[in-house]
Amino acid sequence: MKGIWLENQTLQLRADLDTPIPAEGEALVKVVRSGICNTDLELLRGYYPYTGILGHEFVGIVAEGPDDLVNRRVVGEINASCGECRFCLSGQPTHCENRTVLGIVNRNGAFADYLTLPVKNLHPVPDNVTTNAATFTEPLAAALEIQEQVTISPEDKVLVVGDGKLGQLVAQTIALTGCDLLVIGRHREKLANLEARGIQVGFADSIKEGMFDRAIECTGNPSGFALAARALRPRGTLVLKSTYAGELSFDASLIVVNELTVIGSRCGPFDKALALLEQHQVDVTALIQAEFPLSEGLEGFKFAGRKGVLKVLLNNES
């Protein structure tokens, strides 16, 4: 089968890959659509020493598995857990000590003709959700994880730093809380996407110290972190949604003196993400900037790596 293979920080489009054989409790999924994520780009830059097929945002059709799922469109949670370690037994499978992670840790990913995942990880796509929209389920779930970790009320002043792919999704989900929300970015055209949805937007020079109760950092760069931390009131909460390829230096005294709470945030609830898509409460397809067939996936990666580009999809149906 075809797939985009990462090894030694180099991508290859390979046509000699074996179609995966699902283990017990797993399903074989024919990939229909997949999305290039910032994490994929960071893996290419050396964020984590991964070798294998990249990709973790996908929509597919179950080729082999339970009768009630075969031939159905599905999306899949990316962490395959063991079910036996202390994190699994305490209801925290995304932190399973023995987990594999689709296209990231010891499990071939979605930029291929087929993938395998545990059946328990799969979620049917509602009929009224398009395949392109459903490709955003995983990052949308990650955005919703913030509200699983932090209470956000209409009385809160909330800052989202970053107008990229993740920042756009975080902003749309946070806006549903009715809080006093401001999104800071660097690109007028990206901020316009949010402004069109009634979300207040601006640039970094409009931020003064101590203005916000919650700040959510979605840029993955040190300047975004510093801005988010400075913007918080004493005892505010800083949520980190981005992975950092390099080391991060920061003013620890600011965190101590202001007694800030810093929270890392990763994977989230697929059921809630699919419900938002089904109810059309978020607009994700406006974020798609390009679509490439899988056979032109390397060109897709080059395009996705350009400064300012939002979502790039790979289409296995082309």
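Bear in mind that the values here come from a model prediction, so they are computed numbers and not experimental data.

Novice: Go over the sheet that holds strand E16 (residues 232-240), please, and point to the residues and values.
Specialist: The strands that make up a sheet pair up through hydrogen bonds in the backbone, lying either parallel or antiparallel. If you trace the six strands from one edge of the open sheet to the other, you get E14-E13-E12-E15-E16-E17, paired in parallel fashion. Edge positions in the sheet fall to strand E14 (200-202) and strand E17 (261-264), since each has one partner strand and no second. Across the sheet, the axes of successive neighbouring strands diverge by a mean angle of 20°, strand direction being ignored. Across five bridges, strand E12 (residues 157-161) lies against strand E13 (residues 180-184) in parallel orientation. Its bridge partner being in E13, Leu 159 is matched across the sheet by Leu 182.

Novice: Which residues make up the pairing of strand E5 (residues 57-64), and what are the values?
Specialist: When strand E3 (residues 26-36) meets E5, the two strands line up antiparallel, connected through seven bridges. In the sheet register, Ser 34 faces E5, and the bridge partner there is Phe 58.

Novice: Explain the side chain of Asp 156 to me, and be specific about the residues and the numbers.
Specialist: Within the secondary structure, Asp 156 is located in the loop between helix H4 (137-149) and E12. Of the buried charged residues, Asp 156 lacks a salt bridge, with Arg 214 as the closest side chain of opposite charge at 4.2 Å. Dropping the residues within four chain positions of it, Asp 156 is found in contact with Thr 151, Cys 179, Asp 180, Asp 213 and Arg 214.

Novice: Account for the pattern of salt bridges, naming residues and giving values.
Specialist: Across all of its chains, the model carries twelve salt bridges by this definition. Among the salt bridges present, the one from Glu 57 reaches Lys 311, with a minimum N-O distance of 2.7 Å. Of the two residues, Glu 57 is situated in strand E5 and Lys 311 in strand E19 (residues 311-315); the sequence distance between them amounts to 254 residues. Under the relative-accessibility criterion, Lys 311 is labelled buried at 3%. The shortest N-O distance in the salt bridge between Asp 180 and Lys 157 comes to 3.3 Å. One end of the pair, Asp 180, is in strand E13; the other, Lys 157, is in strand E12, and 23 residues separate them in sequence.

Novice: With reference to specific residues and values, describe the packing of aromatic side chains.
Specialist: The tally for this structure, following the rule as stated, stands at three aromatic pairs. Summarising the aromatic geometry, the rings of Phe 225 and Phe 250 are spaced 5.3 Å apart at their centres and angled 50° between planes, so their arrangement reads as tilted. Of the two residues, Phe 225 sits in helix H7 (residues 222-230) while Phe 250 sits in the loop between E16 and helix H8 (252-257), which places them 25 residues apart along the sequence. Between Phe 292 and Phe 303 the ring centres are 6.0 Å apart and the planes differ by 55°, which places this aromatic pair in the tilted class. One end of the pair, Phe 292, is in strand E18 (residues 288-293); the other, Phe 303, is in helix H10 (residues 297-304), with eleven residues separating them in the sequence. For the pair shown, Phe 292 and Phe 303 are each scored as buried. For Arg 14, the ring lying beneath its charged end belongs to Trp 5, and the centroid distance is 4.6 Å.

Novice: Now, about helix H6 (residues 188-195): what can you tell me, with residues and values included?
Specialist: For H6, every residue scored as buried is listed here: Lys 190, Leu 191 and Leu 194. Along H6, the residues classed as buried sweep out an arc of 95° about the axis, all on the same side. Among the exposed residues of H6, those pointing more than 90 degrees away from its buried face are Arg 188, Glu 189 and Glu 195. Next to the buried residues of H6 lie helix H5 (165-175), E13 and E14.

Novice: Tell me about the UniProt feature "domain: Alcohol dehydrogenase-like N-terminal" (unreviewed entry) in the protein, and please be specific about residues and values.
Specialist: The residues that UniProt annotates with the feature "domain: Alcohol dehydrogenase-like N-terminal" (unreviewed entry) are residues 24-127. Summarising residues 24-127: 12% helix, 38% strand, and an end-to-end C-alpha distance of 28 Å.

Novice: Summarise the environment of Gly 83; cite the residues concerned and give the values.
Specialist: By secondary structure assignment, the location of Gly 83 is in the loop between strand E7 (79-80) and helix H2 (86-89). Once the C-alpha coordinates of Gly 83 and Asn 98 are considered, the two residues, 15 residues apart in sequence, prove to be 9.1 Å apart. The residues touching Gly 83, leaving out its near neighbours within four places in the chain, are Cys 88 and Leu 89.

Novice: Which residues make up the packing of H4 against H5, and what values do they have?
Specialist: Following both chains from N to C, one finds H4 and H5 inclined at 50°, their axes separated by 9 Å at the closest point. Taken together, the axes of H4 and H5 are oblique relative to one another. The handedness of the crossing between H4 and H5 comes out as right-handed. Within the contact between the two elements, H4 uses Pro 139, Leu 140, Ala 143, Leu 144, Ile 146 and Gln 147 and H5 uses Leu 166, Leu 169, Val 170, Thr 173 and Ile 174. Class assignment for the residues of the contact of H4 with H5 results in nine nonpolar, two polar and no charged.

About the thresholds
- Residues numbered from 1 in each chain as written.
- Predicted model: local features only at pLDDT ≥ 70, side-chain atom pairs only at ≥ 80, totals over all residues.
- Heavy atoms only, no water.
- Pairing = 2+ DSSP bridges.
- Helix = DSSP H or I, 4+ residues; strand = E, 2+ residues; numbered from the N terminus.
- Axes fitted to C-alpha atoms, helices over the stretch in contact; angles between N-to-C directions.
- Buried < 20%, exposed > 50% of the residue type's maximum accessible area, 1.4 Å probe, protein only.
- Lys, Arg positive; Asp, Glu negative; His and termini not counted.
- Salt bridge = Lys/Arg side-chain N within 4 Å of Asp/Glu carboxyl O.
- Contact = heavy atoms within 4.5 Å.
- Phe/Tyr/Trp six-rings, centres within 6.5 Å; stacked < 30°, edge-to-face > 60°.
- Lys NZ or Arg CZ within 6 Å of the ring centre and 35° of its normal.
- Arc of directions from axis to C-beta.
- UniProt positions renumbered as here; feature names shortened; annotations may be inferred.
- Parallel < 35°, antiparallel > 145°, perpendicular 65-115°, else oblique.
- Left-handed = near helix turned anticlockwise from the far one by under 90°.
- Nonpolar A, V, L, I, M, F, W, Y, C, P; charged D, E, K, R; others polar.

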